[in-house]
Structures are given as C-alpha cells and as structure tokens.
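So you can see what is in the structure, the chains are spelled out below.
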Amino acid sequence: MTNVRLEDLCNATTLAALRHPRWDPELRTFEGLNPCTFWNSDTGVDVSGSIDTGQGPYVFQINGPLKTKDHLRLWTDDYHPGLVIVRGDLHARTLSFGNGARIFVEGSVLVEDCLFGQYGDRNAVLSAKGELRARAVFLANTARVYADEGVRSLIYAPLGSWDPLMPDIENEGIGDGIGFFDPSVLDRYGDLDFRRAIEAARAGKPLFLPGVEERFPQRLSSRKTE
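Residues numbered from 1 in each chain as written. Predicted model: local features only at pLDDT ≥ 70, side-chain atom pairs only at ≥ 80, totals over all residues. Heavy atoms only, no water.

(A) Structural view of the packing of aromatic side chains. Inspection of every chain in the model, using the stated rule, returns 13 aromatic pairs. Geometrically, the ring pair formed by tyrosine 156 and phenylalanine 181 is edge-to-face, given 5.1 Å between the ring centres and 85° between the ring planes. Separated by 25 residues along the polypeptide, tyrosine 156 in strand β18 (residues 151-157) and phenylalanine 181 in the loop between β19 (169-170) and α3 (194-202) bring together distant segments of the chain. The two residues tyrosine 156 and phenylalanine 181 agree in class, both being buried. (Phe/Tyr/Trp six-rings, centres within 6.5 Å; stacked < 30°, edge-to-face > 60°. Helix = DSSP H or I, 4+ residues; strand = E, 2+ residues; numbered from the N terminus. Buried < 20%, exposed > 50% of the residue type's maximum accessible area, 1.4 Å probe, protein only.)

Now the structure itself:
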C-alpha cells in the first residue's frame, strides 16, 4: 500500500474561508499562527493507501467522508496544534492520533481493527457525533475519544479517562500487560508498547493473547462516553 499526505488530497485555503460558528472556538487557536497550513476538500476522501497529516500546525476540513483501506495517522509533532473536521463518516482499517491533533467527525468513526491515541495533555481528542466502532481502543496518557451515540469496542485506557465509562483493561503502567497482550508488543516492564502495538496492528499481527477479547462481551455493545 502507498502512503499519501492528506494535504495532497485537498486544496489550499484560508482560515477565513473555513470560518463557521460551530468551529469558531477551535479555529481561534490558529489565528495569527505562522507557519500554519489550511486545507479543504469539497468532497470526501477515499483512498486505498495510508494517510498522514504531517507535523502541523494545520487545519483540514473534509466536506464528506474520510476513508482509507489502510492506516490513518492524525498526529502533530512537538505538540503543534492540528484540527481535522470530517463532515461525514470516518473509515479506516487502523487509526492513530496524538499530540496536538483534535479530530471532530460529524458522522461515525468506523475502524476495522485497532484505534490508538497518545499524549496531548488533553489536546489529543477524537470526537464523533455518531458512534465509534473499533475492535479495540488503546489510550495512553491524556488522549481522549468521545462519541455521542456511544463506543462499541474493547477499551484499554487509564482510569478516569471517561465518566462514567470504565476501561475494560486498565492502562496504569504497573507491568500487568503480560496477562493480556502478546509478548511482542510489551516493553521491558511488561506494559503495552504503543509503537510496537501500532506496527503490529498495521501488519495484521495479534495484539491480544488468545481468549482475552472474548472475556469482555461488553465490547460488542454500545456504551456512552459521558
């Protein structure tokens, strides 16, 4: 599969052209920010290869669904701010987001395999107006996901990530990953190594030990995130 930058699938635009009352609080972050790039797609995006946003700062507005049959990487580097607005559903085989990337989806988020969120100091957010579905959601540090119509997934996250929803497997960094995950995706302390886990998921390799996922039948039902 090929890799493609999201900007290559969009047209350059301006902050003023993206103004909308609903997004003004988020867009104000980018006023006077230099450098910063602004991009718009008049229609949806649908590709077979993986998609990467680049390091930021950036704003993308996709006026339709955002789809890839491979990996979708929505990140910034050095905690630069980033904003992705999807005015439709978001589909990917695997998905990772982190640092300053904030993603707002007006439809549902449908991830065929695993979804990962990291870092962010509460600035890494994936929020959907519809439902979020994934085989498993892995969250570290202060990354968050929200879905108005609930999350349908096995959840690995720190305690306190959501209220009242509790994670199925707690990510507390105490070396207890050996009871849940394949040894190939653990660090030397016995905790999930997110880099290894993302690489394994992209390659179609197992993350969980045999039988672990079946221990959490609630993953098949839709649960509220707030």
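The structure having been displayed, the exposition proceeds.
(B) Examining the nonpolar core more closely. Counting 40 residues, the largest nonpolar core has Phe97, Leu115 and Leu126 as its most contacted members. Here this core takes 4 residues from strand β16 (residues 132-139), the largest share from any one element. Counting residues in hydrophobic clusters, the runner-up holds 22 residues, among them Cys114, Phe138, Ala201 and Phe216. (Core = buried A, V, L, I, M, F, W, Y, C linked by side-chain atoms within 4.5 Å.)

(C) Quick look at the side chain of aspartate 168. On the secondary structure map, aspartate 168 appears in the loop between β18 and β19. Residue aspartate 168 is classed as buried on the basis of its relative accessible area, which comes to 14%. Of note is the side chain of aspartate 168, whose polar atom sits 2.8 Å from the backbone nitrogen of isoleucine 155. Of note is the side chain of aspartate 168, whose polar atom sits 2.9 Å from the side chain of arginine 223. With residues up to four places along the chain from it excluded, the contact list for aspartate 168 reads Ser153, Leu154, Ile155, Phe216, Gln218 and Arg223. (Polar contact = N/O pair within 3.5 Å; in protein donor to acceptor, adjacent residues only side chain to side chain. Contact = heavy atoms within 4.5 Å.)

(D) Quick peek at α3. Within α3 the residues assigned to the buried category are Phe194, Ala197, Ile198, Ala200 and Ala201. Projected down its long axis, α3 carries its buried residues within an arc of 165°, all on one side. Its buried side turned inward, α3 meets β8 (71-75), β11 (94-98), β14 (114-118), β16 and β18. You can read the cap of α3 off the contacts: a side-chain oxygen lies 3.1 Å from the backbone nitrogen of arginine 195, and it is on aspartate 193. One or two residues past the end of α3 sits glycine 204, with phi positive at roughly 75°. (Arc of directions from axis to C-beta.)

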